Amino acid sequence: MSYAPGQTVGPFFHLGLPFEGGNLLVPAGYPDAVRLHGRVLDGEGTPVPDALIELWQAGPDGRVPRATGSIRRDGFTFTGWGRAQTDGDGHYWFSTLTPGPAEPGRRPFFAVTIFARGLTDRLFTRAYLPGSEPDGLLDGLEPERRATLITTREQRGLLFDIHLQGEGETVFLSYPRQAR
Amino acid sequence: MTTQADIYREIDELRGSGGPQPRRDYPPYRSSVLRYPTRDLHQVDPEGVELWAPCFGAADIDDAEADLTIQRSGEPLGERIIVTGRVTDGDGRPVRHQLVEIWQANASGRYWHQRDQHPAPLDPNFIGAGRCLTDGDGVYTFRTVKPGAYPWRNHVNAWRPAHIHFSLFGTDFTQRLVTQMYFPGDPLFDLDPIYQSVTDPKARELLVAAYDHSVTTPERSLGYRWDIVLSGTHRTPLEES
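This structure is a prediction, so every number in the text was calculated from the model and none was measured. (Residues numbered from 1 in each chain as written. Chains lettered and ligands numbered in written order. Predicted model: local features only at pLDDT ≥ 70, side-chain atom pairs only at ≥ 80, totals over all residues. Heavy atoms only, no water.)

(A) Up close: the overall build of chain A. On a plain count of helices and strands, chain A comes out with one helix and 10 strands. Start at the N end of chain A and walk to the C end: the helices and strands fall as β-β-β-β-β-β-α-β-β-β-β. For 180 residues, the compact-globule estimate of 2.2 N^0.38 gives 16 Å, and the C-alpha radius of gyration of chain A, at 16 Å, lies within 12% of that figure. Seen through its C-alpha atoms, chain A measures out along the principal axes to roughly 40 × 40 × 35 Å. When the 180 residues of chain A are sorted by exposure, 58% land in the buried category. Within chain A, residue pairs in contact and separated by at least 24 positions form 67% of the contacts whose partners lie at least 6 positions apart. Looking at chain A as shown, the accessible area adds up to about 7,000 Å², and 49% of this sits on carbon and sulfur atoms. (Helix = DSSP H or I, 4+ residues; strand = E, 2+ residues; numbered from the N terminus. Rg over C-alpha atoms; globule rule 2.2 N^0.38 Å. Buried < 20%, exposed > 50% of the residue type's maximum accessible area, 1.4 Å probe, protein only. Contact = heavy atoms within 4.5 Å. Areas by Shrake-Rupley, 256 points an atom, 1.4 Å probe, with all protein chains shown as cover.)

(B) Structural view of the overall build of chain B. Regarding its fold elements, chain B presents two helices and 12 strands. For chain B, the N- to C-terminal ordering of α and β elements is α-β-β-β-β-β-β-β-β-β-α-β-β-β. Over its C-alpha atoms chain B spans a radius of gyration of 19 Å, differing by no more than 12% from the 18 Å that the globule rule assigns to 241 residues. Its C-alpha atoms put chain B at 55 × 50 × 35 Å along the principal axes. Taking all 241 residues of chain B together, the buried fraction comes to 56%. Taking the contacts inside chain B whose residues are at least 6 apart along the sequence as the reference set, 70% of them involve residues at least 24 apart. In the form shown here, chain B has an accessible surface area of approximately 10,400 Å², with 52% of it arising from carbon and sulfur atoms. Averaging the coordinates of the 25 positive side-chain charges in chain B and doing the same for the 34 negative ones gives two points 5 Å apart. (Lys, Arg positive; Asp, Glu negative; His and termini not counted. Charge placed at Lys NZ, Arg CZ, Asp CG, Glu CD.)

(C) The arrangement of the interface of chain A and chain B in detail. If you look at the interface, chain A gives 72 residues, while chain B gives 80 residues. The largest share of the area that chain A buries against chain B comes from Gln 7, Phe 12 and Leu 15 of chain A, three residues that together contribute 12% of it. At the junction of chain A and chain B, the tally comes to 10 salt bridges. Taken together, the links from chain A to chain B amount to 46 residue pairs in polar contact (both at pLDDT 80 or more). At the level of secondary structure, the elements contributing two or more residues to the side of chain A that touches chain B comprise β2 (51-56), β3 (81-85), β5 (109-116), β6 (123-128) and β10 (173-174) of chain A. No other element matches the six residues that β5 of chain A contributes to the side of chain A that touches chain B. In the side of chain A that touches chain B, the residues fall into 37 nonpolar, 18 polar and 17 charged. (Buried area = accessible area lost by both parts, 1.4 Å probe. Salt bridge = Lys/Arg side-chain N within 4 Å of Asp/Glu carboxyl O. Polar contact = N/O pair within 3.5 Å; in protein donor to acceptor, adjacent residues only side chain to side chain. Nonpolar A, V, L, I, M, F, W, Y, C, P; charged D, E, K, R; others polar.)

(D) Inspection of empty space enclosed by the protein at higher detail. Scanning all chains against the criterion turns up three cavities of 30 Å³ or more. When its volume is computed, the largest cavity comes out at roughly 110 Å³. Along the wall of the largest cavity there are 13 residues; nearest its centre are Gly 100, Ala 102 and Phe 109 of chain A together with Gly 48 and Val 49 of chain B. Considering only residue class, the lining of the largest cavity consists of seven nonpolar, three polar and three charged. Taken as a whole, the second largest cavity encloses approximately 60 Å³ of empty space. Lining the second largest cavity, in full, are Glu 54, Leu 55, Trp 56, Trp 81 and Thr 113 of chain A together with Ala 53, Pro 54, Phe 169, Gly 170, Asp 172, Phe 173 and Arg 176 of chain B. With three residues, β2 of chain A is the single largest residue contributor to the lining of the second largest cavity. Partitioning the lining of the second largest cavity into residue classes produces seven nonpolar, two polar and three charged. (1 Å grid on protein atoms, 1.4 Å probe; cavity = no way out; pocket = protein on both sides within 12 Å on 5 of 7 lines; lining within 4 Å. Points joined across faces, edges and corners; volume = space filled by probe spheres on them.)

(E) The arrangement of the sheet that holds strand β8 (residues 163-168) of chain B in detail. Residue and element names in this part refer to chain B. With antiparallel pairing, four strands are arranged side by side in an open sheet as β4-β3-β8-β9. With partners counted over all chains shown, the strands left at the sheet margins are β4 (129-133) and β9 (177-182), one partner each. Ignoring strand direction, the axes of neighbouring strands in this sheet form an average angle of 20°. The pairing of β8 with β9 spans six bridges and is classified as antiparallel. The residue of β9 that forms the bridge with His 163 is Tyr 182. (Pairing = 2+ DSSP bridges. Axes fitted to C-alpha atoms, helices over the stretch in contact; angles between N-to-C directions.)

(F) Quick look at the side chain of Ser 231 of chain B. With respect to the helices and strands, the residue Ser 231 of chain B is situated in the segment after β12 (228-229). Using a relative accessible area of 9% as the deciding quantity, one classes Ser 231 of chain B as buried. Ignoring anything within four residues of it in the chain, the contact list for Ser 231 of chain B reads Tyr 3, Arg 177 and Gln 178 of chain A together with Asp 89, Gly 90, Thr 174 and Gln 175 of chain B.

(G) Structural detail: the nonpolar core. Of all hydrophobic cores here, the largest spans 41 residues; its most connected members are Tyr 140, Phe 142, Phe 166 and Ile 228 of chain B. Those elements that place two or more of their residues in this core are α1 (4-14), β2 (80-88), β3 (99-104), β5 (139-145), β8 and β9 of chain B. When near neighbours in sequence (up to four residues on either side) are disregarded, Phe 142 of chain B contacts Ala 66, Leu 68, Ile 81, Ile 82, Val 83, Val 100, Ile 102, Gly 130, Arg 131, Cys 132 and Phe 166 of chain B. The next biggest cluster of nonpolar side chains, apart from the first, holds 27 residues, and it includes Ala 51, Leu 97, Ile 114 and Ala 127 of chain A. (Core = buried A, V, L, I, M, F, W, Y, C linked by side-chain atoms within 4.5 Å.)

Following this line, the structure appears as structure tokens:
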């Protein structure tokens, strides 16, 4: 296939990709705002300070947002998309809303893309809400692997660490129509 | 100390060992060693939001952001270029009105970034970041200057071929692509572990723009064309709104 290959985002992506308010899908402190956050860790458990996380999600009603305005946010429109860089401690955070299920009875998740210096290509994963609904992906994984895709509920939000490699390595995803 | 000869040997051993995408496990690129996932990717059918891409619109960016030569008060140094091309999905359909972002070093090979300590001069008239939306036919166009090659610390005497970083979205989430565009005939191609992380030579060539004299403008800019094919979309045309 003639699909363009990916290449690493490199160490200087801060020049082109992050933007002000990128991690604020809703203003922090907004009613119903949750913090989705966590750390990105390498194969030795060392924080990755030069990673970029993108978030893409349904609204609380389960609908896929079709509104523009993610880059210049007006503070009122929920676009469902955001971008956050990790800090010196490998930590990222978003202020957002809890996604609803795409269909009744489904387990809601955030779609997550990971970029970093040292990653030759982006990685995809899902950050699921804790719950008990059946799910085609989760139910097919060994419990230890499954746990890497489920956020931990906290008082003001959801915790989702991303282990790029090694112990507790996050399950990363591919989709049928991608080149391998 | 790792020399270029050591890296070249490692590159050579891995030639053709991967598919059309970069190898995630690619030790000649030293920063990858503790960061690549060791387990196979888990294939899943996209559902819900994964069948859609985020939407960007005219309110998100200014037209002027596509011209990297006018962001400061004066003209940047270097060879002025136009880079244009068409973004299509894996089924040949244009990706319309979608966000394209770029960033790059200046003509001397220096990034406007605190972590770039390469002692080549910064250019006060060139920051090196741009954005645009593709038009109704999937076409993007940037005006900029040709970036310089620059050294990095992967091994002794390591130099990156000149490149422009590109960030692209498709019509569904799964088509997200961040990559690098290179310039034809760069003598550093064979030596660069990032370019060579795509071990299939045909796939690698897809990252190289073509000089296009029909894009060149008289007494102003040289023209390069770089078309980008994203992967296939998972949504059927009936689902298009």
